[in-house]
Amino acid sequence: MIDVATLSVIRRWALREQLSIREIARRTGLSRNTIRKYLRSDAQEPAYAKRESRSRLDPFAEKLAQWLKTEAGKNRKQRRTLKQMHAELMELGFDGSYNRVAAFARDWAIKRQEAQKTTGRGTFVPLVFEPGEAFQFDWSEDWAVLAGERTKLQVAHFKLSHSRAFYIRAYLLQTHEMLFDAHNHAFRVFGGVPKRGIYDNMKTAVDKVLTGKARDVNARFAAMVSHYLFEVEFCNPASGWEKGQVEKNVRDARHRLWQPVPSFPTLDALNVWLEERCGALWAEISHGKLPGTVFDAWQEERPLLMRLPRPFDGFVEHTKRVSPTCLITFERTRYSVPASYANRPVSLRVYADRLVVAAEGNIICEHTRVIERRHDTIGQTIFDWRHYLAVLQRKPGALRNGAPFAELPLAFKRLQAELLKKPGGDREMVDVLALVLHHEEQSVLAAVELALEVGVPTKMYVLNVLHRLLDGKVEQPPVDAPQALRLATEPQANVNRYDALREERKVRHA
C-alpha cells in the first residue's frame, strides 16, 4: 500500500527530475500503471476506498434512530435513557453491547445538530410586539438567605414583550396558588393586563400536551385566565426560544439580583426588595429598540393595557376531615379548627400565604400558612386557643395542661395563676376566657389588666370593669386640688366626739 512519503518521491522524480515511468517503477517496485494513475490524478496523498464493515446494530439502526428522535421531543425528565433503549433492543433480538448503542446515539446527535443548523432551526427571526399585546412568563430556581438560613427559592418572572418591563417574585414552592398570587402582583405592578400570555408547558398550567398546539389546560389556571381576560399561548415542547425575552431575563436576573446572594429576615421582606429593585432597574436599563429606557417604554405601553380588575381569588381547594383533637393536617403541619366542627368534613382553601377553612358556606377560621420543606423534623402544630373554648366549658380541668393554652396572652396567664390558688378557680378562668366569644379580645384583656392592677383578680370584678369599659364609664382619677383650696387643718376621724354628743343629748332629755 503506497503511503504519502512514497507518493511524494514519485512526484518529485517524475516532475522535477524528469525520470521515466519505467525508471520510477524499477526504483519503487510499483507497477507502471499504478505510477501513471497517481501522476495523472495529481493527488498529493493516496486515497483509499472507504471500508465498509457491517455491525450487529445495522438491522436495528432505523428503529433506534426513530426512538432517539421521539425522545428528543420530550421533556428532559420524561426521556428514556440509553440503557433502557439498549434493554428494549435486546428484547427485539439485538445481542451487541451498550457501548455500540451509545456510539450510535452520539453520532446521531451530531448529525441532528448539523441538520438543524442547515434547516434553519439554529437561526431565529427577530420578533416585534405591539404595545399591550403580550407578556411572557417563566419559573427559575435561585437562592437567598432567609432568617440566616440559605434557602432555595422558586422565582416567578414576568416580562412585557413590548416595553420589556419585568417583574420578579420569589416563593418557597412552585404550585398553583403561588402562580395565581404571582399574576395578581405582576398585573398590579404593570398597571394592567396585556392581551396575550406566552408560557411553556409547565405543570401548574398544562395537565397534558396534545398534538400540535392543543393543550389540556388545568381548570383553575383556565379560571384565572378567564378572570383576567387574556389569551394563552403555549410554546412547543423544548422550544424555549419562543419566549426568549423572559428566558434572557432569567439569566440577566442572576447577576443583577441574586449575585451576591441577598439576605433578608423573611420572604416578604425579600419580595418587597425585589419589587423595588425591579422598578429601579426599569429606569436604568436602556430599551435597545426604542428610544429611552425600559421605564419610558412602559409609560407609553401602560395606557394600552386592559384596566386591572379585582385580584383573582387564587386558592386551591381540598376536602379535609377534622380530627377529634380539632385539627386538620396539610403538608405535615397541623392546624386547629373550632371545636364544634370536630369529626366533620370541612373545605380547606390553600393560598400562597394563608389557609382558610370553610364549612356550610361560611368561613370558620384562618391561619398563616407554614411551609416546612425539611423532612428530618416533626411537623408543627398551630393552635388557636379560642377554638377550644367550647371544650373548656365542659372540661375546665383541661386548662391547666392543655397544649393550645400555652400561648395565652400574658394578662390571662397572670389571672389564671391567681385564680387557680382557690377552689373553683379553673371554672372562673374559663368563664373569663369565654368573654372573648362575645366581646373584643382587647377589651377583655384591658379589663383583666385593670383587675390585676387594683388587686382584685376575680371573675365578677373583671365583668364589672368590662361592662364599664364598654359603656364608657371609666372611673375618674382622683382630683389633685391646688394648694390654695386645701384646708389648713385636715379633719380627723374621732369616734370619741360622737360619744360625747350622745352623752350631751341624754342630759338634755333627762
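Read on for a plain summary of the structure. In this text, all values refer to a predicted model and were calculated from it rather than measured experimentally. (Residues numbered from 1 in each chain as written. Predicted model: local features only at pLDDT ≥ 70, side-chain atom pairs only at ≥ 80, totals over all residues. Heavy atoms only, no water.)

1. A closer look at the pattern of salt bridges
Under the criterion given, the structure shown has 22 salt bridges. Between E418 and K421 there is a salt bridge, with its nearest N and O atoms 3.7 Å apart. When its relative accessible area of 35% is taken as the criterion, E418 is described as partly exposed. (Salt bridge = Lys/Arg side-chain N within 4 Å of Asp/Glu carboxyl O. Buried < 20%, exposed > 50% of the residue type's maximum accessible area, 1.4 Å probe, protein only.)

2. Considering helix α14 (residues 425-434)
An α-helical segment advances 3.6 residues per turn. Residues three or four places apart therefore align on the same side. Most of α14 sits inside the fold, with seven of its 10 residues counted as buried. Every buried residue of α14 is listed here: G425, D426, M429, V430, V432, L433 and A434. (Helix = DSSP H or I, 4+ residues; strand = E, 2+ residues; numbered from the N terminus.)

3. Considering the side chain of Q245
The topology assignment puts Q245 in helix α9 (residues 244-256). Setting aside chain neighbours within four positions, we find Q245 in contact with F129, Q136, K159, L160, S161 and R164. (Contact = heavy atoms within 4.5 Å.)

4. Describing the sheet that holds strand β10 (residues 327-330)
Spatially, the three strands line up as an open sheet ordered β10-β11-β15, and their pairing is mixed. Unpaired on one side and paired on the other, β10 and β15 (381-382) mark the two borders of the sheet. (Pairing = 2+ DSSP bridges.)

5. Structural notes on the environment of D138
Within the secondary structure layout, D138 lies in strand β1 (residues 134-146). Judged by its relative accessible area of 8%, D138 is buried. Along the chain, D138 and V155 lie 17 residues apart, while their C-alpha atoms are 8.4 Å from each other. Not counting residues up to four positions away in its chain, the partners in contact with D138 are V155, A156, H157, D200, K243, V246, E247 and V250.

6. A look at the packing of helix α4 (residues 61-72) against helix α5 (residues 82-91)
In contact at an axis separation of 12 Å, α4 and α5 are set at 145 degrees when each is read in the N-to-C sense. The two elements α4 and α5 meet at a crossing, and its hand is right-handed. Counting all contacts with α4, which are made through L64, W67, L68 and E71, the residues of α5 involved are L82, M85, E88 and L89. (Axes fitted to C-alpha atoms, helices over the stretch in contact; angles between N-to-C directions. Left-handed = near helix turned anticlockwise from the far one by under 90°.)

7. Re the environment of S161
Position of S161 relative to the elements: it lies in the loop between β2 (149-160) and β3 (166-171). With relative accessibility at 3%, the residue S161 sits in the buried group. Separated by 35 residues in sequence, S161 and R196 place their C-alpha atoms 9.9 Å apart. Apart from residues lying up to four places away in sequence, S161 is in contact with F129, A134, F135, Q136 and Q245.

8. Thoughts on the nonpolar core
Counting residues in each nonpolar core, the largest one holds 53 residues, and the members touching the most others are L153, W258 and L270. The set of elements that each furnish at least two residues to this core consists of β1, β2, β3, α7 (176-190), α8 (219-228), α10 (267-284) and α11 (294-301). With eight residues, the single largest contributor to this core is α7. Apart from the residues within four sequence positions on either side, L153 is in contact with S140, E141, D142, A144, L146, A170, Y171, L172, W258, L267 and L270. Membership of the second largest hydrophobic core comes to 30 residues, among which are A342, L389, A411 and V444. (Core = buried A, V, L, I, M, F, W, Y, C linked by side-chain atoms within 4.5 Å.)

9. Considerations on helix α13 (residues 410-419)
Listed as buried for α13 are A411, F412, L415, Q416 and L419. Buried positions in α13, seen along its axis, are confined to an arc of 135 degrees and lie on one side of it. For α13, the elements touching its buried residues are α14, α15 (441-454) and α16 (459-471). (Arc of directions from axis to C-beta.)

10. What to know about unusual backbone geometry
P260 follows Q259 through a cis peptide bond whose omega is 0 degrees. Inspection of the secondary structure assignment puts P260 in the loop between α9 and β8 (263-264). Unusually for a residue other than glycine, E331 sits at a positive phi of about 50 degrees. With respect to the helices and strands, E331 occurs in the loop between β10 and β11 (333-336). Judged by relative accessible area, which is 33%, E331 ranks as partly exposed. Even without glycine at this site, R332 takes up a positive phi of about 70 degrees. The residue R332 is located in the loop between β10 and β11 in this model.

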